Structures are given as C-alpha cells and as structure tokens.
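# Overview (structure and organization)
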Amino acid sequence: MGYYSEVAICMAFEDDEKRDAFWDVVELRKDEMSKQLTQYCAKHEGMPWISVHHASIKWYDIFPEIQAYDDLMKLCLECGGAYRFMRLGENDDDIETRDEASEDDRVEIPW
C-alpha cells in the first residue's frame, strides 16, 4: 500500500495576464506527464493564481510525476511568479513547506 501525503501548491502571479502566459507555456508542453498534471490544476478566474491539491498521493522525489511538479514550480518562478508548497504526511511530524518567489517581490501568495 505505502505511505501517502496530502499536498497543496499555490502558484501566484502579479496579474491574470501573467498567470495566463504561464498557463499557455504549460499547455504547450507536449510530454504526457505535463498533460496529466494539468488535470489537478485549478485556474481561478479573476484571481492571479493556480492551485493544485492532492488529498492522497505517494510523494517520493524519484517518481516522474513528482519531478514534473517540481519542474512546474520552477517554471512558475521563471515566468515571474511565486509558489507555496505544503505536504502533510501520515505522521504528525511529517510536514514539508516551501515558499519561493521570483526576483519580483510584488507577487502575493494567497495562503
């Protein structure tokens, strides 16, 4: 069965236009993994962010889908955004958080 985590990622941008430009780059990727990731992403109209939530996922760095999420967060930074990552494991003391911002500090992460 294995060990599962709950994972949430919020990728925020200065405005809807920059968020949409990032999303266009993501959608232009032709690899199968990027296509699979987009089904877990929610684009919020009128709010310049994209959120990802998995209630129960095996989060191991060696898994290709996890590496693809890391690539997505790096791309967010390259496109001028910022992200907040949160992973809660099955054990009470297994919590991982990351906050990263691009060079531009004008981006506010909503949670």
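The structure this text deals with has already been given above.
This is a predicted model, so every value here is computed, not measured.

### Remarks on the packing of aromatic side chains
- In the structure shown here, the tally under the stated rule is four aromatic pairs.
- Where Trp59 meets Tyr69, the ring centres are 5.8 Å apart and the plane angle is 25°; that geometry is what we call stacked. Pair noted here: Trp59 is in the loop between β3 (49–57) and α3 (64–78) and Tyr69 is in helix α3, with a separation of ten residues, a long-range link. Just as Trp59 is buried, Tyr69 falls in that class too.

### What to know about the pattern of salt bridges
- For the structure on display, the rule yields ten salt bridges.
- Among the ionic pairs, Lys18 bridges to Glu14, the shortest N-O distance being 3.0 Å.
- Linking Arg84 and Asp99 is a salt bridge whose minimum nitrogen-to-oxygen distance equals 2.4 Å. Taken together, the positions of Arg84 in strand β4 (residues 82–88) and Asp99 in strand β5 (residues 95–101) put the pair 15 residues apart, joining distant regions of the chain.
- Relative accessible area serves as the criterion here: at 22%, Arg84 is assigned to the partly exposed category.
- In this structure, a network of salt bridges that share partners links the residues Asp16, Arg19, Asp20, Lys43 and Glu45.

Conventions used here
- Residues numbered from 1 in each chain as written.
- Predicted model: local features only at pLDDT ≥ 70, side-chain atom pairs only at ≥ 80, totals over all residues.
- Heavy atoms only, no water.
- Phe/Tyr/Trp six-rings, centres within 6.5 Å; stacked < 30°, edge-to-face > 60°.
- Helix = DSSP H or I, 4+ residues; strand = E, 2+ residues; numbered from the N terminus.
- Buried < 20%, exposed > 50% of the residue type's maximum accessible area, 1.4 Å probe, protein only.
- Salt bridge = Lys/Arg side-chain N within 4 Å of Asp/Glu carboxyl O.

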